[in-house]
Amino acid sequence: MFRTGSMRNIYSPNVVTARELAIDQVAAEVGRDPLELRLSTLRDARSVAVLEKVAEAGSWGREMPAGTAQGLGFHSEYKGRAACLIEIDCRPETVSRTVPTAAYAYTGPRVTRAIYAVDVGLTINPRGLEAQMLGGMMDGIANCLSFSLHLVDGAFAEDSWEHAYYTRQWNVPFETQVFILDSSSQPGGAGEFGVAASMAATANAYARATGSMPTSFPINHGMPLAESIVPPGTIPQSPTDGLGRR
Amino acid sequence: MPVQKLTVNGQRVEVDVEDDVRLLWVLRDLLDITGPKYGCGLSICQSCTSLVNGKAFNPCSVPVGQLRPSDEVVTIEGLADAVDGDGLHPVQEVWLEEDVAQCGFCQPGQIMAAVDLIQTLLADGRRDVTEAELDSLRNVCRCGTYPRVRTAIRRALAVMAETPVFVRGAGR
Ligand code: FES
Ligand code: FES
């Protein structure tokens, strides 16, 4: 038996990612631009506004080198609207990069730029709201690319944060921007509102960069794990070499 | 039980505790210095990061008997007073201006790791920090404050390049 817990934004990231990937597929099928298709089907001005904002701020459609691409995600929840534009780098030299200080066996694609626009209704603390969106983006990127547990022979292979690959500095986009749209609507929630659209946008960016739509998440899940420092089922002693570590 | 003689945040202290007890528990449980956080006890999460002789280290992974009485241990509580001048350490000032902290749990470790990185760069005559150097920071932040950590380090480096500040004991 093992204990379970709740993930930030619960089911929305998965559901929204599936939907947004499907919309990009439809756009490709009928030969339309993913932004234009979304704008022409969204029915309210607030939804259009968040998407237009990220498209404009992120120069949607700009030329990018092969192996890199942009992706869009849209989400509506908590009486609000959110959109994200992600740029990802899936080139071999990036995907195989190593981090000298980390035990990562596999680093994988890097999100290089992340732009978010959100309308949560009346905003009381814009800096706090921006912080929640930034944190949510870190979760969305991790959900899409790196953060999972592996159940192997009845036990989880991950023994610590070193091996459960939640976003660390080496996964953080070089550029992040959050736009809070003026709104006179009723205030809604914001604590989890940064996750779903950014997971979806990362998945769409990955699909466009690699030419293949991801169908299971996170994308790195099948890749080699770092060697465990803790024998399964044991509670390890603290190391003794802390003076030399940082 | 052996008496351990330590210098913590500029004060000489003596504690009765076995040599192999890790410093983090001596700080937190015996000296009531709870700024360094216990996240993993395994030198992984970096939330306990503090400074010894001006260098970042993980107190969770140092048997207290390894420290000499003259080693200057600085925790987040003592950071402001470990440098010349009144008020907070410049990194703390920038941290507040950039509103970096969310829940705050990892933040003492983030700040101490940032101080160490910036001091190392300044000692090398550097005024800039590369993306790869920022990538190499291992501190886990489950709130995802990473982008503001990067911004704050860049800004604090610019401030400290103008007026260099080194924590007491650095260079030993
Ligand atoms: S508690 Fe020391 S590194 Fe995690
Ligand atoms: S601020 Fe909450 S864990 Fe970093």
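What you see is a predicted model; the values in this text were computed from it and never measured.

Colleague: Explain the nonpolar core to me, please; I cannot follow it from the model alone.
Modeller: Within the largest apolar cluster, 46 residues are counted, with the highest numbers of intra-cluster contacts made by A:Ile88, A:Tyr116, A:Val118 and A:Met133. Of the residues forming this core, the biggest block, nine residues, is contributed by helix 5 (residues 126-145) of chain A. When residues are assigned to domains, this core turns out to be shared by domain 1 (3-79) and domain 2 (81-162) of chain B, each giving three or more. If sequence neighbours within four positions are ignored, A:Val118 has contacts with A:Val50, A:Arg81, A:Ala82, A:Leu129, A:Met133, A:Phe179, A:Ile180, A:Leu181 and A:Phe193. In terms of nonpolar packing, the next biggest core, distinct from the first, is built from 32 residues, B:Val74, B:Val91, B:Val100 and B:Ala113 among them.

Colleague: Hey, could you run me through the packing of aromatic side chains in this one?
Modeller: Two aromatic rings, taken as a pair, are described by how far apart their centres are and by the angle between their planes. Per the stated rule, a full pass over the model turns up three aromatic pairs over all chains. Geometrically, the ring pair formed by A:Phe147 and A:Tyr166 is edge-to-face, given 5.6 Å between the ring centres and 65° between the ring planes. Of this pair, A:Phe147 sits in the loop between helix 5 and strand 4 (151-152) while A:Tyr166 sits in the loop between strand 5 (155-156) and strand 6 (175-180), and the two are 19 residues apart along the sequence. Positioned above the aromatic ring of A:Phe179, the side-chain terminus of A:Lys53 is 4.6 Å from the ring centre. Across from the ring centre of A:Tyr166, 4.1 Å away, lies the NZ or CZ of B:Arg142, which sits over that ring.

Colleague: What is the right way to read the packing of helix 2 (residues 34-41) of chain A against helix 3 (residues 45-57) of chain A from this model?
Modeller: In helix packing, the relevant descriptors are the interaxial angle and the interaxial distance, both defined with respect to the helix axes. Residue and element names in this part refer to chain A. Their axes nearest at 10 Å, the elements helix 2 and helix 3 cross at an angle of 160°. Comparing their axes, helix 3 and helix 2 come out roughly antiparallel. Handedness of the helix 2/helix 3 crossing: left-handed. Across from Leu35, Arg38 and Leu39 in helix 2, the residues of helix 3 making contact are Val48, Leu51, Glu52 and Ala55. Counted by class, the contact of helix 2 with helix 3 contains five nonpolar, no polar and two charged residues.

Colleague: So what exactly am I meant to see when it comes to a nonpolar patch on the surface here?
Modeller: A contiguous nonpolar surface patch, about 320 Å² in accessible area, is contributed by A:Ile10, A:Tyr11 and A:Val15. Note that A:Val15 resides in helix 1 (residues 12-30).

Colleague: It is not clear to me how the pattern of salt bridges should be interpreted in this structure. Could you clarify?
Modeller: Any two side chains of opposite charge can pair, so long as their charged atoms come close to each other. Enumeration over the complete set of coordinates arrives at 27 salt bridges over all chains. A salt bridge links A:Glu175 to A:Arg113; the shortest N-O distance between them is 3.2 Å. One end of the pair, A:Glu175, is in strand 6; the other, A:Arg113, is in strand 3 (residues 110-119), with 62 residues separating them in the sequence. In this structure, B:Asp116 engages B:Lys55 in a salt bridge whose closest nitrogen and oxygen atoms are separated by 4.0 Å. In this pair, B:Asp116 sits in helix 3 (residues 107-123) while B:Lys55 sits in strand 4 (residues 55-57), placing the two residues 61 residues apart along the sequence. By relative accessible area, which is 3% here, B:Asp116 ends up buried. Classification of B:Lys55 as partly exposed rests on a relative accessible area of 38%. Residues joined by salt bridges that share partners form a network here, namely A:Arg127, A:Glu130, B:Glu97, B:Glu98, B:Arg148 and B:Arg155.

Colleague: Would you explain the domain arrangement of chain B in this entry?
Modeller: Interface extent is often summarised as the accessible area lost during association of the parts. Residue and element names in this part refer to chain B. Considered domain by domain, chain B is made up of domain 1 (3-79) and domain 2 (81-162). Summarising the inter-unit geometry, the C-alpha centres of domain 1 and domain 2 are found 21 Å apart. Every contact between the two is made by 20 residues of domain 1 and, on the other side, 18 residues of domain 2. In total, domain 1 and domain 2 occlude about 1500 Å² of area from one another, counting both sides; carbon and sulfur atoms represent 62% of this. Among the residues domain 1 hides against domain 2, the three largest losses belong to Gln46, Ile76 and Leu79. Together they make up 38% of the total. Inspection of the domain 1/domain 2 interface yields one salt bridge. At the boundary of domain 1 with domain 2, the tally comes to nine residue pairs in polar contact (both at pLDDT 80 or more). Looking at the side of domain 1 that touches domain 2 residue by residue, the class counts come to eight nonpolar, 10 polar and two charged.

Colleague: Which parts of the structure should I look at to understand the sheet that holds strand 1 (residues 3-8) of chain B?
Modeller: Residue and element names in this part refer to chain B. Spatial strand order, 2-1-5-3-4: five strands in an open sheet with mixed pairing. Two strands bound the open sheet, and with one partner strand each, they are strand 2 (11-16) and strand 4. Between one strand axis and the next, the sheet turns by 40° as a mean value, whatever way the strands run. Here strand 1 runs beside strand 2; their pairing, made up of six bridges, is antiparallel. Paired with valine 8 across the two strands is glutamine 11, which belongs to strand 2. In the packing of helix 1 (residues 23-30) onto the sheet, contacts are made with strand 1, strand 2, strand 4 and strand 5 (72-74), and the angle to strand 1 comes to roughly 80°. Each of strand 3 (50-52), strand 4 and strand 5 touches helix 3; the most contacted strand, strand 3, lies at about 45° to it.

Colleague: Where do I start with the interface of chain B and chain A in this structure?
Modeller: Contacts between the two partners involve 41 residues from chain B, matched on the other side by 36 residues from chain A. Summed over both sides, the interface between chain B and chain A buries roughly 3400 Å², with carbon and sulfur atoms accounting for 53% of that surface. Of all residues in chain B, the largest losses of buried area upon contact with chain A belong to B:Arg138, B:Arg142 and B:Arg148, amounting jointly to 21% of the total for that side. The partner of B:Arg148 in a salt bridge is A:Glu130, and the shortest N-O contact between them spans 2.5 Å. There are 18 residue pairs in polar contact (both at pLDDT 80 or more) connecting chain B and chain A. Where the side of chain B that touches chain A is concerned, the elements lending two or more residues are strand 4, helix 3, helix 4 (131-135) and helix 5 (146-162) of chain B. Top contributing element to the side of chain B that touches chain A by residue count: helix 5 of chain B, with five residues.

Cut-offs applied
Residues numbered from 1 in each chain as written. Chains lettered and ligands numbered in written order. Predicted model: local features only at pLDDT ≥ 70, side-chain atom pairs only at ≥ 80, totals over all residues. Heavy atoms only, no water. Core = buried A, V, L, I, M, F, W, Y, C linked by side-chain atoms within 4.5 Å. Buried < 20%, exposed > 50% of the residue type's maximum accessible area, 1.4 Å probe, protein only. Helix = DSSP H or I, 4+ residues; strand = E, 2+ residues; numbered from the N terminus. Domains from an automatic or database assignment. Contact = heavy atoms within 4.5 Å. Phe/Tyr/Trp six-rings, centres within 6.5 Å; stacked < 30°, edge-to-face > 60°. Lys NZ or Arg CZ within 6 Å of the ring centre and 35° of its normal. Axes fitted to C-alpha atoms, helices over the stretch in contact; angles between N-to-C directions. Parallel < 35°, antiparallel > 145°, perpendicular 65-115°, else oblique. Left-handed = near helix turned anticlockwise from the far one by under 90°. Nonpolar A, V, L, I, M, F, W, Y, C, P; charged D, E, K, R; others polar. Patch = residues over 30% accessible without salt bridge, like charges linked within 9 Å, V, L, I, M, F, W, Y side chains within 5 Å. Areas by Shrake-Rupley, 256 points an atom, 1.4 Å probe, with all protein chains shown as cover. Salt bridge = Lys/Arg side-chain N within 4 Å of Asp/Glu carboxyl O. Buried area = accessible area lost by both parts, 1.4 Å probe. Polar contact = N/O pair within 3.5 Å; in protein donor to acceptor, adjacent residues only side chain to side chain. Pairing = 2+ DSSP bridges.

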